[in-house]
Each structure stands twice: as structure tokens, then as C-alpha cells.
Amino acid sequence: MDTGRRDAELSEKVREANRWSAGAPAGPVWLVQPRDDGRRATEHTYAQECDSCGHGSRRTADPADGTLWILKHVTGNPTHTAYTQTVKRAWRARRQAES
Ligand SMILES: [Zn+2]
């Protein structure tokens, strides 16, 4: 999805969330968005976890590392065939600028 379309969809979801919170006590309007401002922790990281025993791979920026971990894990544990990947992505909340 291109960035402009993604931002437009995100903006609509933020407006929807703000409409939803209209009944809350008066206060600042918050915007939430992926943290992609060039500062730390902006890239996705990935890890795999075995659904059978709970052991897991290291968390890295390369999703292939988790795939390799699964191959090694299932080789030693042939009945452990289900895994869950978790992806971390940095997000930010900021106050909407007064207009
Ligand atoms: Zn396992």
C-alpha cells in the first residue's frame, strides 16, 4: 500500500477514534501513528515462538532469522509443528496541534 493511501486510511481511523471518545472528559485530542520520524526503534522486529513448548527465537530485524530458528527447532522436536510470529513496530501518541 502506498504511503499516501495508508496515511489517509490512518487519518480516517483516528477521526473515528476521536468521535468515539467524544463523550470523554474534555482534554487534548490525541493522534496516534506509527513512529517513522527517523528516530530510534523505527524498524520492525520479528520473533518466532513454538506453540507447543513456548521456546522462541531471538528478536531481530530479519524475519528470516525466525524461519531458520523454526527449522532447527522442529528438527530436534518433530512434534512441534505450530509457531507464532510476533512483529513489533514503534508507535507514537501526540497531541493534535491547535488550529
Ligand atoms: Zn517447541
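Computed from a predicted structure; not experimentally measured.

**Quick look at the coordination of the zinc ion**
Within the protein, the zinc ion binds to Cys50 (SG), Cys53 (SG), His73 (NE2) and His80 (ND1); these donor distances fall in the range 2.0 to 2.3 Å. Metal-centred angles of 107 to 116° between the four donor atoms at the zinc ion mark the site as tetrahedral. In the primary structure, the donors to the zinc ion are separated according to the pattern C-x2-C-x19-H-x6-H. Of this pair, cysteine 50 sits in strand S2 (residues 45-50) while histidine 80 sits in the loop between helix H2 (63-76) and strand S3 (83-88), and the two are 30 residues apart along the sequence. This pair shows no difference in class: cysteine 50 is buried, exactly as histidine 80 is.

**Examining H2**
Every α-helix carries 3.6 residues per turn, so stepping three or four residues along brings you back to the same face. In a regular helix each residue adds 1.5 Å, so 14 residues correspond to 20 Å; H2 covers 21 Å between its end C-alpha atoms and thus fits that length. Burial in H2 covers these residues: Gly66, Trp69, Ile70 and His73. Buried residues of H2 fall within an arc of 105° about the axis and therefore sit on the same side. Exposed residues pointing more than 90 degrees away from the buried face of H2 are listed as Lys72 and Thr75.

**Notes on the packing of aromatic side chains**
Using the criterion set out here, one finds one aromatic pair in the structure. On the numbers, 6.0 Å between centres and 85° between planes, the contact of tryptophan 69 with tyrosine 83 is edge-to-face. Here tyrosine 83 lies in strand S3 and tryptophan 69 lies in helix H2, a separation of 14 residues in the sequence.

**Some points on the pattern of salt bridges**
Under the definition given, this model contains one salt bridge. Notably, a salt bridge pairs glutamate 9 with arginine 5, separated by 3.4 Å at the nearest N-O pair. Here glutamate 9 and its partner arginine 5 are both found in helix H1 (residues 3-20), four residues apart, which amounts to about one turn of the helix.

The rules behind these values
- Residues numbered from 1 in each chain as written.
- Predicted model: local features only at pLDDT ≥ 70, side-chain atom pairs only at ≥ 80, totals over all residues.
- Heavy atoms only, no water.
- Donors = N, O, S within 2.8 Å, 3.2 Å for Na, K, Ca; no water.
- Tetrahedral: all angles 85-135°; square planar, octahedral: opposite > 155°, others 65-115°.
- Helix = DSSP H or I, 4+ residues; strand = E, 2+ residues; numbered from the N terminus.
- Buried < 20%, exposed > 50% of the residue type's maximum accessible area, 1.4 Å probe, protein only.
- Expected span 1.5 Å × (residues − 1).
- Arc of directions from axis to C-beta.
- Phe/Tyr/Trp six-rings, centres within 6.5 Å; stacked < 30°, edge-to-face > 60°.
- Salt bridge = Lys/Arg side-chain N within 4 Å of Asp/Glu carboxyl O.

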